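As a plain string of letters, each chain reads:
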Amino acid sequence: MAVDQSGVWRFRDLLPIVDNPDNVVTLREGNTPLYDLPRCAKLAGIDWLLAKHQGMNPTGSFKDTGMTAALSVAAERGFEWVACASTGNTSAAMAAYAARAGLRSIVFIPEGKIAWGKLSQSMDYGALTIQLKTDFDGCVRILTDLVTRFPIYLLNSVNPYRLEGQKTPAIELLEQLEWQVPEHVIVPGGNLANGSALAKGFTEMHHLGLIPRIPKVSIIQAEGANPLYRSLQENGGKELIPVKANTRATAIRIGNPASWRKALRALRTTGGWCEQASEQEIALAKAQIGAEGVGCEPASAVTLAGLKKLVAQGKITREERVVLVLTGHTLKDSDYTINYHRNELFTEAENAGISADDQPLHAALRKPPIVLEPESDAVLRALESHMKLTHLTQPA
Ligand SMILES: *Cc1c(COP(=O)(O)O)cnc(C)c1O
């Protein structure tokens, strides 16, 4: 049965949200791989590091695990239209699941601030795509008004059924680890739903007696979109300080996150931390994850950047076991990757801001395409000079 092949619905006993399993809308999401990252572990200064790659879902991001849940509810309730505001991945997921169910979908995305790979998906899956001349937070405002005037089922991340679906990777992760609980799980933070969904999954497993304790869930934001981090620094999380978000990690380019209270509760109940990562730190971490043959989209790489900081601060120790949640596939934003490798990603000021320690790491990782005459000698010379270069810049 299709529901048994889904990494979300095979946990349906813990997911009592549809009355009839025949109404489930699935693309066989979940069942994502867990990779070890030995070189990234070494770079971060720990012995044991795994990545749960949620980018290996049908539409290339973790949003599928929540979307299969919420879209199934929309279908069961007989809605004809579904809608979301999105930095890209939610709309890709919603458009795909709506198309499977034969529902119409409408996507609001901020103009010019989303990765082309994601935008192409919502068109490919047949959504009505509306680019509003505003940012993500502006899209949310319009949509919130629209749902009061037109019978649309809202699929933003505040939708409670999405959270139910997004808690299942926590269960799957522990199943893959044979119920050995890691000390830390690290997730990126944008609209701040995912961290709390995973914490919910761990907490429920703990209540059911499946695990003896819960891992610390830490949330990492981009420095340019850091409202939770900033609020914790400035008022201990009493109130959210919205920011004007700006980061190349477009999936987490959110200044006024809807689920910040839930995220705060997740940090407090699990004992995790909130950190931030600069644009340069994100790019370096992304290239390092790529260099292990795994790859991820920029937003996912904040997890490794944040891990390095938490280790440096002594909050994570060498022997503790850490799992990074890689939220999106590397092909979601290939422009970012190409610009990075061509050294065209950063402004001069940003380049100057890269620390002396990190400069050679970037230099060794960058692999821009080399244009040559079609002659073996020319290729050989390029190969030799490349080997000399990587030899000089490779960290010991
Ligand atoms: C949506 C998304 C995030 C942020 O998740 P939130 O639940 O909004 O915090 C991070 N990475 C990727 C790739 C995403 O698509």
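What you see is a predicted model; the values in this text were computed from it and never measured. (Residues numbered from 1 in each chain as written. Predicted model: local features only at pLDDT ≥ 70, side-chain atom pairs only at ≥ 80, totals over all residues. Heavy atoms only, no water.)

**So, the site of the ligand**
Put simply, the rule reads: Distances are taken per atom, and a residue is near a molecule or strand as soon as one of its heavy atoms is within 4 Å of it. Think of a polar contact as two N or O atoms within 3.5 Å of one another; within protein, one of them needs to be a possible hydrogen donor and the other a possible acceptor, and neighboring residues in sequence only count if both atoms come from side chains. Values of accessible area rely on a 1.4 Å probe in the Shrake-Rupley scheme; residue burial ignores everything except the protein chains shown.
Close contacts around the ligand come from 15 residues, with Lys63, Asn89, Gly190, Asn191 and Thr327 the closest. Between Asn89 and the ligand, the recorded distance is 2.7 Å, taken from a side-chain N or O atom to an oxygen atom. Contacts to the ligand include Ala193, whose backbone N or O atom sits 3.1 Å from an oxygen atom. Summarising the interface, the protein chains cover 97% of the accessible area of the ligand, which totals 370 Å² for the free molecule.

**As for a nonpolar patch on the surface**
Filter applied, for reference: Candidates for patches are residues over 30% relative accessible area with no salt bridge; among them, like charges are joined within 9 Å and nonpolar side chains (Val, Leu, Ile, Met, Phe, Trp, Tyr) within 5 Å. By salt bridge we mean one thing: a side-chain nitrogen of Lys or Arg within 4 Å of a carboxyl oxygen of Asp or Glu. Runs of H or I in DSSP of at least four residues are treated as helices and runs of E of at least two as strands, each being numbered from the N terminus.
Residues Trp179, Leu208 and Leu210 make up a contiguous nonpolar surface patch of roughly 280 Å² in combined accessible area. Along the chain, the position of Leu208 falls in the loop between α9 (194–207) and β8 (216–222).

**Observations concerning the side chain of Thr32**
Where we set the bar: Contact between two residues is taken to exist if any of their heavy atoms lie within 4.5 Å; hydrogens are not considered.
Counting through the fold element by element, Thr32 comes out in the loop between α1 (2–5) and β1 (34–36). Leaving out residues up to four positions away in the same chain, Thr32 has contacts with Lys52, His53, Gln54, Met56, Asn57, Glu172 and Gln176.

**A closer look at the domain arrangement of the chain**
Using the following cut-off: Boundary definitions for the domains trace back to an automatic or database domain assignment. Put simply, buried area is the surface a 1.4 Å probe can reach on two separate parts but cannot reach once they are joined, added for both. Under the grouping applied here, Gly and all other residues not named as nonpolar or charged are polar, the nonpolar ones being Ala, Val, Leu, Ile, Met, Phe, Trp, Tyr, Cys and Pro and the charged ones Asp, Glu, Lys and Arg.
Examined at the domain level, the chain breaks down into domain 1 (2–14 + 26–59 + 162–337) and domain 2 (63–159). Using C-alpha coordinates to define each centre, domain 1 is positioned 23 Å away from domain 2. It is Thr59, Arg162 and Lys332 in domain 1 that bury the most area against domain 2; as a group they hold 32% of the surface buried on that side. For the pair domain 1 and domain 2, the number of links is 2 salt bridges. Among the ionic pairs, Lys118 bridges to Glu297, the shortest N-O distance being 2.8 Å. Put simply, the parts of the chain that give the side of domain 1 that touches domain 2 at least two residues each are α7 (160–166) and α8 (168–176). It is α7 that contributes the most residues to the side of domain 1 that touches domain 2, 4 residues altogether. Class assignment for the residues of the side of domain 1 that touches domain 2 results in 10 nonpolar, 12 polar and 8 charged.

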